[in-house]
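# Understanding the architecture of this molecule
Below are the chains, spelled out letter by letter.
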Amino acid sequence: MIAMPDHPESPNPSTPGSEPASAPGSSPGSGPAPKPAPGSASGFALGFAYGEGARVSESFGQITVDVDPDGWLGLLGSARAEGYEFFDWLTAVDEPPDAFAVVAHLFAPVSRAHLLLRTRVPRADPRLPSAVGVFRGADWHERETFEMFGVVFEGHPNLVPLLLPEGFEGFPLRKDFVLAARVAKAWPGAKEPGESGHGSPSRRKTLPPGVPADWGRERDD
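These numbers were taken from a predicted model, which means no experiment stands behind them.

## Re the environment of Arg120
The topology assignment puts Arg120 in strand 5 (residues 113-122). For Arg120, a relative accessible area of 43% corresponds to the partly exposed category. Counting along the chain gives 25 residues from Arg120 to Glu95, while the straight-line C-alpha distance between them is 9.1 Å. Apart from the residues lying within four places of it in its own chain, the contact partners of Arg120 are Val67, Pro69, Glu95, Asp98, Ala99, Phe100 and Ala101. Polar side-chain contacts of Arg120 include one of 2.8 Å to the side chain of Glu95.

And the structure:
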């Protein structure tokens, strides 16, 4: 029995008509690269106009585009037109001592591609144009970022607190916010030796993470 090959033999390059078509002025077999599909991550990276000054990076297959604050809305609108129509989330990252990063995650339903958009605002006056006019779903995300980090989204239709009680002071997700819950209010149960008045001998109480060593001493004195 004659063994048949697993795959059909490729055409003989010497056979007339077997050469692939090439663009005029190019060497044989060096035609133009295929154009990436619209909305795909690779298509966005290769053929999408991010805007002047945009910086593109990729990590673990995730494309991230960084822009200056004045290019934020233009980048969001262009991304949506490119197929990233699903607004997933928006938040901020405290980057002391001088800035906050504002990050938005978008998703392209057709190509199932993900995209991170990022900008930085100065800590002294953190302001950024609101994205609600591009993605209505950014409304609550911007309100939460405003009350947790203090980033002001200019043009937001209703920039009021979303989660915190009325009269709350400070921005809880800033790294300089004092986490004083256990100092201001007694913690239920015995969390440290000696706190319950029985059991192991008392020792110096440890402060919760984020509480300065001298915080509350004036009140105790």
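## Points about the nonpolar core
Among the nonpolar cores identified, the biggest contains 28 residues, and Trp72, Val102, Leu106 and Leu117 are the most heavily contacted of them. Elements with a minimum of two residues in this core: strand 2 (62-66), helix 2 (72-81), strand 3 (86-95), strand 4 (99-108), strand 5 and helix 3 (138-149). The element that contributes the greatest number of residues to this core is strand 4, accounting for five residues.

## Notes on the packing of aromatic side chains
Evaluation of the coordinates by the stated rule reveals four aromatic pairs. Seen in terms of ring centroids, Phe100 and Phe149 are 6.4 Å apart; in terms of plane orientation they differ by 75°. Their pairing is edge-to-face. Taken together, the positions of Phe100 in strand 4 and Phe149 in helix 3 put the pair 49 residues apart, joining distant regions of the chain. Across this residue pair, the class does not change: Phe100 and Phe149 are buried. With 6.1 Å between their ring centres and 25° between their planes, Phe168 and Phe177 make a pair best called stacked. A relative accessible area of 38% places Phe168 in the partly exposed class.

## As for the sheet that holds strand 5
The mixed open sheet is built from five strands, whose spatial order is 1-2-5-4-3. Each edge of the open sheet carries a strand with a single partner, namely strand 1 (55-59) and strand 3. Across the sheet, the mean angle from the axis of one strand to that of its neighbour is 20°, orientation sign disregarded. Relative to strand 5, strand 2 runs parallel, the two sharing four bridges. If you follow Thr64 over to strand 5, its bridge partner there is Leu116. Contacts from helix 2 reach strand 2, strand 3, strand 4 and strand 5, with the element oriented near 170° to strand 5.

## With respect to helix 2
Side chains three or four residues apart in an α-helix point the same way, a direct result of the helix having 3.6 residues per turn. Taken together, the buried positions of helix 2 are occupied by Trp72, Leu75, Leu76 and Ala79. Down the axis of helix 2, the buried side of the element spans an arc of 100°, and every buried residue falls inside it. Of the residues one or two after helix 2, Gly83 is the one with positive phi, at around 120°.

## With respect to helix 3
In this model helix 3 runs 16 Å from its N-terminal to its C-terminal C-alpha over twelve residues, within 8% of the 16 Å that 1.5 Å per residue would give. Every buried residue of helix 3 is accounted for by Ala138, Asp139, Glu142, Arg143, Thr145, Glu147, Met148 and Phe149. Tucked inside the fold, the buried residues of helix 3 contact strand 3, strand 4, strand 6 (127-129) and strand 7 (152-154). In the stretch just after helix 3, Gly150 is the one whose phi turns positive, near 85°.

Reading guide: rules and limits
- Residues numbered from 1 in each chain as written.
- Predicted model: local features only at pLDDT ≥ 70, side-chain atom pairs only at ≥ 80, totals over all residues.
- Heavy atoms only, no water.
- Helix = DSSP H or I, 4+ residues; strand = E, 2+ residues; numbered from the N terminus.
- Buried < 20%, exposed > 50% of the residue type's maximum accessible area, 1.4 Å probe, protein only.
- Contact = heavy atoms within 4.5 Å.
- Polar contact = N/O pair within 3.5 Å; in protein donor to acceptor, adjacent residues only side chain to side chain.
- Core = buried A, V, L, I, M, F, W, Y, C linked by side-chain atoms within 4.5 Å.
- Phe/Tyr/Trp six-rings, centres within 6.5 Å; stacked < 30°, edge-to-face > 60°.
- Pairing = 2+ DSSP bridges.
- Axes fitted to C-alpha atoms, helices over the stretch in contact; angles between N-to-C directions.
- Arc of directions from axis to C-beta.
- Expected span 1.5 Å × (residues − 1).

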